[in-house]
Protein chains: 2
Amino acid sequence: MTPNDVARRVDDAVARLRARGERITKARSALIDVLAGCEDHLSADDIADRLAAAETVAHRATVYRTLESLVKAGIVAHVHLPHGAATYHLIDADRAHLHLLCRTCGEILDAPSDLLDDVRARLESSAGFRLDPDHVALTGWCRTCAPDADVAG
Amino acid sequence: MTPNDVARRVDDAVARLRARGERITKARSALIDVLAGCEDHLSADDIADRLAAAETVAHRATVYRTLESLVKAGIVAHVHLPHGAATYHLIDADRAHLHLLCRTCGEILDAPSDLLDDVRARLESSAGFRLDPDHVALTGWCRTCAPDADVAG
DNA sequence: GTTCCAGATGCAACTATGTCGCATCTGCAG
DNA sequence: CTGCAGATGCGACATAGTTGCATCTGGAAC
């Protein structure tokens, strides 16, 4: 990701926030910078740490509330991981993906965004259930850990 | 589920615990009774409440440790729900199912256990990732809530 | 039935992840 | 520049789960 890409992501996010009539404060701006400059999956505490490292301390409550605003604005996605904190990342249409969590090493892998399309269609027609495929990570074991995996636990 | 079914489930669970050389204590026995007599999905606190109602008070730590033993023994499955506590239920081969959680009303629905078979095969061959399909609930919106659902959040 | 001890339990303190009420501060519209 | 809705800081609270340690007990050995 080039500096240019980062700037584009920041601008895009800020524009979308403004379009919703939300204010652009120091905390929000810094938080968007952190998310835009990062391709990893960050927990709320990770984000607070990076804000502090960038010399923009924000209270934990502010981080959570800001993330909530960004999620509501459709700018950020939060993904729940079984055990441990939720992770947050900017939504990027050309970078859409689902998440796989290794139960042994804890690594988060990306999966193609169309992975669950068939499942979604089946659930919709059979149970009327509208699947939200990106809201939780699927779990299992990565290539490295799979051979030693113990199914229980 | 008839009283007979419950008794069979209890006996089966106790036998499997013994086979692993684990002790059958009052707390464990009562906890298995609770799980065997219930088709719902119970959180650790739900279980503690039902134990208390059955006049077998067990400390929260004991409930967690006992559940962990049962999970390790392959007798109980725990399913993580985004937001809120994990739920536990006895594993019953002829009753296997996956879980769907409605993000609006919080209801837990069952889904056929083969729902993710294709996905599992794709992940295994393409990424070497071994999916554990029952460890997390899939989220979305049930038939009732879907029409009003707001995707963000 | 008694003894013994690994393992189970009770308890309290602790961690982690969020949430909330309220006083203060600040973006930004006018 | 000013006013104020909305954002922030702070601390207390809530929930879910874990851990260290002293005590108790299931069940095997005798």
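Remember, predicted model here, so these are calculated numbers, not experimental data.

Definitions and cut-offs
Residues numbered from 1 in each chain as written. Chains lettered and ligands numbered in written order. Predicted model: local features only at pLDDT ≥ 70, side-chain atom pairs only at ≥ 80, totals over all residues. Contact = placed C-beta atoms within 7 Å. Helix = DSSP H or I, 4+ residues; strand = E, 2+ residues; numbered from the N terminus. Nonpolar A, V, L, I, M, F, W, Y, C, P; charged D, E, K, R; others polar. Pairing = 2+ DSSP bridges. Core = buried A, V, L, I, M, F, W, Y, C linked by C-beta atoms within 7 Å. Buried ≥ 20, exposed ≤ 12 C-beta atoms within 10 Å, placed from the backbone.

Trainee: Before we go on, may I ask you to explain the interface of chain B and chain A in this structure?
Mentor: How big an interface is tends to be stated in terms of accessible area lost as the parts join. Counting from both sides, the interface comprises 33 residues of chain B and, opposite them, 33 residues of chain A. For the side of chain B that touches chain A, the secondary structure elements donating two or more residues are helix H4 (60–72), strand S5 (108–112), helix H5 (117–127), strand S6 (130–131) and strand S7 (138–141) of chain B. For the side of chain B that touches chain A, the element with the highest residue contribution is H5(B), accounting for five residues. Across the side of chain B that touches chain A, the residue classes tally to 19 nonpolar, seven polar and seven charged. Pairing geometry for strand S7 (residues 138–141) of chain A and S6(B), over two bridges, is antiparallel. Opposite A:Trp141, over in S6(B), you have B:Arg130 as the bridge partner.

Trainee: Looking at this structure, I do not really get the environment of A:Leu90. What am I missing?
Mentor: Residues and elements named next belong to chain A. Inspection of the secondary structure assignment puts Leu 90 in strand S3 (residues 87–90). Along the backbone, Leu 90 and Ile 24 are 66 residues apart, and their C-alpha atoms lie at a distance of 17 Å. In contact with Leu 90, not counting residues within four places along its chain, are Arg 9, Ala 13, Leu 35, Ala 36, Ile 75 and Val 76.

Trainee: It is not clear to me how the nonpolar core should be interpreted in this structure. Could you clarify?
Mentor: For soluble globular proteins, nonpolar side chains are generally found buried alongside one another. Ranked by internal contacts, the top residues of the largest apolar core, which has 32 residues, are A:Leu100, A:Ala137, A:Leu138, B:Leu100, B:Ala137 and B:Leu138. At the level of secondary structure, the elements contributing two or more residues to this core comprise strand S4 (97–102) and S7 of chain A together with strand S4 (97–102) and S7 of chain B. Filtering out sequence-adjacent residues up to four positions away, A:Leu100 remains in contact with A:Leu109, A:Ala111, A:Ala137, A:Leu138, A:Gly140 and B:Phe129.

Trainee: What's the story with the pairing of strand S3 (residues 87–90) of chain B in this structure? I'm lost.
Mentor: Successive side chains on a regular strand alternate, one facing one side of the sheet and the next facing the other. All names here are of chain B. As defined by bridge partners, strand S1 (residues 42–43) adjoins S3 across two bridges and the pair is classed as antiparallel. Its bridge partner lying in S3, Leu 42 is registered against Tyr 88. In this structure, strand S2 (residues 76–79) lies alongside S3, joined through four bridges in antiparallel fashion. The residue bridging His 78 from the neighbouring strand is Tyr 88, located in S3.

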